[in-house]
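Reading the structure
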Amino acid sequence: MALVHFSWYFACTPRAAGHPEIFPLVLTTKTQEIFSCRIDEDITDEQPYKLIKREAILEDLQNRAAVSDFHPVKKLVQEYPGDELLLVCDKDFKYGLNFYLIGTEEGKENYLNPPEVPEELEEQKEYVPEDIVFYKPPVSKPWVSLGSEKEIAEESVEESTKQITYMISRKRNEFGGPIKFSDFNASFVKDAYIECTAYPDKNFTIQQREKDVGLQVVPEINDISTQTRWAYPKNASTQYQPREFSEEEKEELGQSKSLAEFLNNTSVSVEIALQQNEIINTFVDDWRYLAEEEGTYGDKSDTYLKEYQSFTDLHNLMEKMITCVSWHPTIQGLIAVSVAVRLSFEDRVHFSGKLLLQPSLILFWSFSDPIHPQLMLESPDDIYCFQFCPSDPNIIAGGCINGQIVMWDITAHADRIENIKAGGMRSKKAMLKPMFLLEPGSNKEAMYIRHCAVSSIENGHKKVITDIQWLSNTFEINRMGSVFENRSEICCQLLTCSADCTICFWDIRSQKTVTPQPAEKKKEESLEIPYDIPSTFLHLDLAWKPLAKIKLSKGETTLDHCPTKVSLSGDHVLCKSPEKALAQSAGLNAAEANLYSNLETGLSNPLKPIEDFPTKFFVGTEEGEVLYTDWKMERDPETGRLTTKKPVNLYSVHDGTVHTIQRSPFYKDIVLTVGGWNVAIWKEDVLIGPLLQSCCTPKRYTSGHWSLTRPGVFYIGREDGYIDIWDLLEKTHEPAQSQNICITMITYIKPWAISGKQQFIAIADYYGTLHILEVPWSLSHPATNEVMSVTHYFEREVKHLEYREQRKKIREQEKMELDMDMEKKKMKTYQKSKEQIEAELKLDYESYLELEKATLVSLGLLRVSEQVSYINI
């Protein structure tokens, strides 16, 4: 959208005033390179113009359409009678822009061959008359009276009428009494008093039409006074030698009662003061820290996300939604998205024939071109999730809806990528936005990149792959789930989870031992490889099998849990900041460019096992459950087969499918889960329950992500197009604010920090539009001691959970004791004899008679003389 507004602005720009044949233009650095009109290189001060062929401009308009810088003068170029147009560099911005185009042949001839000026006119221009008197500022002079003060005194207004004095009094007995004001009729008052209120009479309104004002010019006078600081004199003395008591004075002071009483009285207050100094820092400026805390939040206008860019695939006729979003690790301003057709399973089967005609793609979008994708990766079916390889960003792994894993290698296209930074004639206030463009000579067919390997259909997943992650380059696992040292120091293994109730580990290296082959056979195999498919992962194509497969059993039943998202430990996933990724990519030389060229020889040497390695991880299921389980296998004692361990804990917190399960970038043991209609935050070591569980909302949550720079902020997407921004420092029971992004469901959220001052967040929706929003200062920069404050909050929640668990155990123990007492009482009643029961009933009856007698006597219904007869009865 930014480029469209840019072209519209220059299309609406008027021609140069007084020169209808001149058309100002703005030529970017890229356009200057295409037409060889670069400033200070091709165009200099001696020759500030360039003749450009009309056919070259028309070809550029046809290739780049509205993106071309000559689009505002398209009609002029088409109707121009000549073969070459004159382009002049306007360094002084005489006509407002950096270049201007002369639209007529006559104007071009006048510029290239200007008419000669007669010598007489040149002499007249150079002649300057000597009689010209330049302007001199006036000098202030003392004021001399010429009688004007008398005129001012005559024109001044003085008070001439006498002032009227009113005296208001009241009776002596009414002094100090309450006063009450009310309306009354003056005709009913004694002494014939009638109130006459003032009102404006329009008949006697005088309008001022003329006014005499007198002015007197006087020099400007300023009254300035200064006061020197007077130092207050005071006597000061220093002691350079310590004063000590003599032995006799020490003995007298040791036996002094007054000194002992003084020490006893003041020791308590001194101890309290010392304790306060240890607990509280009395020298802290509270006002300064208070100002810093208030300054970090800002106004309400600074807390909302601002629309920066949006991307939509206009060339695809099928209605598709965005399923996954990932920023490029090393190239700033480049983002990749995967799209899938918006159809249910039944509709997908019904329209399977039509879907085969439409390609399944991963689109690479650039900030420089919001209309045309820069690269398009082809796949056998729609991609639901994908991820860049942390060791080599040119390697991409994706999971299809049909259960296959696809691998791409875009190393061959890496040389055609250019990083163009904003500069030249642009404004200094604009941030540096690196661009991503293909070479101008590349055709559109080359933008489609085929995959280089696909997993086996028979041995892989049977349903859609819901999550895919690269394992760290520090370790690798075997079929048993045991952890070993990774000597290659590159990421070679993947983890995937699918709706077929399985979690698989994959190894991109060949599982078979490599035997040496003759050179002639290698040449024959190399000839069979298609020219447009890299041979990096050719050994995996249609033969790739999972290294290990895990099934999450529900225990007593034969059913299994259906995983949707997986979160490994913080040490398992290799995470890099943009600065580190850029530094690493810049440090790679030509020998290290292709790290995955010799993968087939990776499993021959024995590996060193890693002891005490954490193998537990979190799993979110389709039923809304959160599992904490282990990937290590164990052998069944009865059958001897490898089976998966039972989950360590199972929590039923969410009332819908878990869409997000992610660890905090600041705390390795804090996990965020989003699913159904609520959000939860977990701590890995706390197995009691979630630290935070939100209440159910009217709209279903669909995605979420932690903030990259603030530990207490995370973003949650909803099905109605709103995004909830949670700030744990401000509110913990509800979102701090909500903002509308689109009119449909939000499918994915992915923030990215371009630099320390600029941060973006990518939000994808159900209609296939990718929204890029700029994160404001208050949401991207942490407050003072925010990490410590959020840490204290999590610690308090852990203590609260432990206290609640203790109270729960105490209540259960009390309930058990109460039940036991009731059972004991029942047992005692059954064990009593018949005589004991009759004696207890007799005692109860006698106590009842005494209570009845006392009640009757108190009511006066029974006399004292009648008590004996009453008792005998």
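Quick notes on the rules
- Residues numbered from 1 in each chain as written.
- Predicted model: local features only at pLDDT ≥ 70, side-chain atom pairs only at ≥ 80, totals over all residues.
- Heavy atoms only, no water.
- Helix = DSSP H or I, 4+ residues; strand = E, 2+ residues; numbered from the N terminus.
- Buried < 20%, exposed > 50% of the residue type's maximum accessible area, 1.4 Å probe, protein only.
- Areas by Shrake-Rupley, 256 points an atom, 1.4 Å probe, with all protein chains shown as cover.
- Pairing = 2+ DSSP bridges.
- Contact = heavy atoms within 4.5 Å.
- Axes fitted to C-alpha atoms, helices over the stretch in contact; angles between N-to-C directions.
- Salt bridge = Lys/Arg side-chain N within 4 Å of Asp/Glu carboxyl O.
- pLDDT = per-residue confidence, 0-100.
- Core = buried A, V, L, I, M, F, W, Y, C linked by side-chain atoms within 4.5 Å.
- Phe/Tyr/Trp six-rings, centres within 6.5 Å; stacked < 30°, edge-to-face > 60°.
- Patch = residues over 30% accessible without salt bridge, like charges linked within 9 Å, V, L, I, M, F, W, Y side chains within 5 Å.
- Disulfide = S-S within 2.5 Å.

With that out of the way, let us pick up the overall build of the protein chain. Within the protein chain, the secondary structure is distributed over 18 helices and 39 strands. The buried share of the protein chain, reckoned over its 873 residues, is 35%. Total accessible area computed for the protein chain in this model is approximately 58900 Å², and 54% of it derives from carbon and sulfur atoms.

Now for the pairing of strand 21 (residues 502–507). Within strand 21, six of the six residues are buried, which leaves it mostly tucked inside the rest of the structure. The two faces of strand 21 match: T502, C504 and W506 on one face and I503, F505 and D507 on the other face are all buried. Note that strand 20 (residues 493–498) and strand 21 share five bridges and pair antiparallel. Its bridge partner lying in strand 21, L494 is registered against W506. Between strand 20 and strand 21, which follow one another and run antiparallel, lie three residues, and C501 among them has a positive phi close to 70°. Bridge count between strand 21 and strand 22 (residues 548–551): four bridges; the pairing is antiparallel. Its bridge partner being in strand 22, I503 is matched across the sheet by I550.

The subject of this paragraph is the environment of P782. Along the chain, P782 falls in the loop between helix 15 (777–780) and helix 16 (786–831). Classification of P782 by relative accessible area gives partly exposed; the value is 43%. In this structure, the C-alpha to C-alpha distance between P782 and P711, residues 71 residues apart in sequence, is 7.7 Å. Leave out the neighbours within four places in its chain, and P782 touches T709 and R710.

Attention now goes to the sheet that holds strand 34 (residues 713–718). Reading across the sheet, the four strands line up as 33-34-35-36 and stay open at both edges, with antiparallel pairing between neighbours. Edge positions in the sheet fall to strand 33 (701–706) and strand 36 (737–740), since each has one partner strand and no second. Averaged over all pairs of adjacent strands, the angle between their axes in this sheet comes to 20°, without regard to strand direction. Note that strand 33 and strand 34 share five bridges and pair antiparallel. Pairing of S703 across the sheet is with G717, part of strand 34.

Attention shifts here to the sheet that holds strand 1 (residues 22–25). The strand order across the open sheet built from four strands is 1-4-3-2, with neighbouring strands paired in antiparallel fashion. Because the sheet does not close on itself, it has two edges, and the strands there are strand 1 and strand 2 (49–53). Strand after strand, the sheet turns through a mean of 30° between neighbouring axes, direction not considered. Direction of pairing for strand 1 relative to strand 4 (residues 99–102): antiparallel, over a ladder of four bridges. Residue pairing for strand 4: P24 is matched across the bridge by Y100.

Before going further, it helps to examine the pattern of salt bridges. Under the definition given, this model contains 17 salt bridges. For E41, the salt bridge is made with R38, and the minimal N-O distance between the two is 3.2 Å. Put simply, E319 and R342 hold a salt bridge, and the shortest N to O gap is 3.0 Å. Of the two residues, E319 sits in the loop between strand 5 (306–311) and strand 6 (320–327) while R342 sits in the loop between strand 7 (334–341) and helix 11 (345–350), which places them 23 residues apart along the sequence. Take R342: its relative accessible area is 18%, and that puts it in the buried class. Within this structure, R38, E41 and D42 form a network of salt bridges that share partners.

All right, on to the confidence of the model for the protein chain then. Scored by pLDDT, the protein chain comes out at a mean of 78, with 79% of its residues at no less than 70. The element-level mean pLDDT for the protein chain is lowest in helix 1 (residues 2–11), coming to 37, with strand 34 highest at 95. This stretch, residues 1–14, has a pLDDT under 50; its non-local contacts, to residues over four places away or in other chains, come to 16 contacts. The low-confidence segment residues 573–580 (pLDDT under 50) makes 13 contacts with residues lying over four places distant or belonging to another chain.

This brings us to the nonpolar core. In this structure, M407, W470, L494, I508, F537 and W544 are the most contacted members of the largest nonpolar core, which totals 22 residues. Looking at this core, the elements that each hand over two or more residues are strand 11 (395–400), strand 12 (405–409), strand 17 (465–470) and strand 21. Tallying contributions element by element places strand 17 first for this core, with three residues.

What follows concerns the pairing of strand 4. Side chains on a regular strand alternate between the two faces of the sheet. Of the two faces of strand 4, both are covered, the one formed by F99 and L101 as well as the one formed by Y100 and I102. Both strand 3 (residues 84–89) and strand 4 contribute to a ladder of four bridges, which runs antiparallel. Opposite C89, over in strand 4, you have F99 as the bridge partner.

For S36, which is not glycine, the phi dihedral falls at a positive 55°. Looking at the element boundaries, S36 is found in the loop between helix 2 (29–34) and strand 2. The phi angle at D40 is positive, at roughly 70°, despite the residue not being glycine. In this structure, D40 sits in the loop between helix 2 and strand 2. Residue class for D40 comes out exposed when judged on its relative accessible area of 57%.

Take the packing of aromatic side chains next. Overall, the coordinates contain 24 aromatic pairs when judged by the stated rule. With 5.9 Å between their ring centres and 85° between their planes, Y49 and Y111 make a pair best called edge-to-face. Taken together, the residues Y49 in strand 2 and Y111 in helix 5 (residues 105–112) connect sequence positions 62 residues apart. On the basis of relative accessible area, Y111 is assigned to the partly exposed category, the value being 30%. Among the aromatic residues, ring-to-ring pairing joins Y308, F311, W327, W365, F367, W752 and F760 into one connected group.

For the rest of this paragraph, the subject is the side chain of D60. With respect to the helices and strands, the residue D60 is situated in helix 3 (residues 54–64). A relative accessible area of 7% places D60 in the buried class.

Glancing now at a nonpolar patch on the surface. Residues F245, L253, L259, F262 and L263 make up a contiguous nonpolar surface patch of roughly 470 Å² in combined accessible area. When residues of the nonpolar patch are assigned to their parent elements, the largest contribution, three residues, is made by helix 9 (residues 257–279). Secondary-structure assignment places L263 in helix 9. Residue L263 is classed as partly exposed on the basis of its relative accessible area of 48%.

We now examine the state of the cysteines. Under the defined criterion, the tally for this structure stands at zero disulfides. Among the cysteines around C389, which has no disulfide bond, C491 carries the closest sulfur, lying 4.9 Å off.

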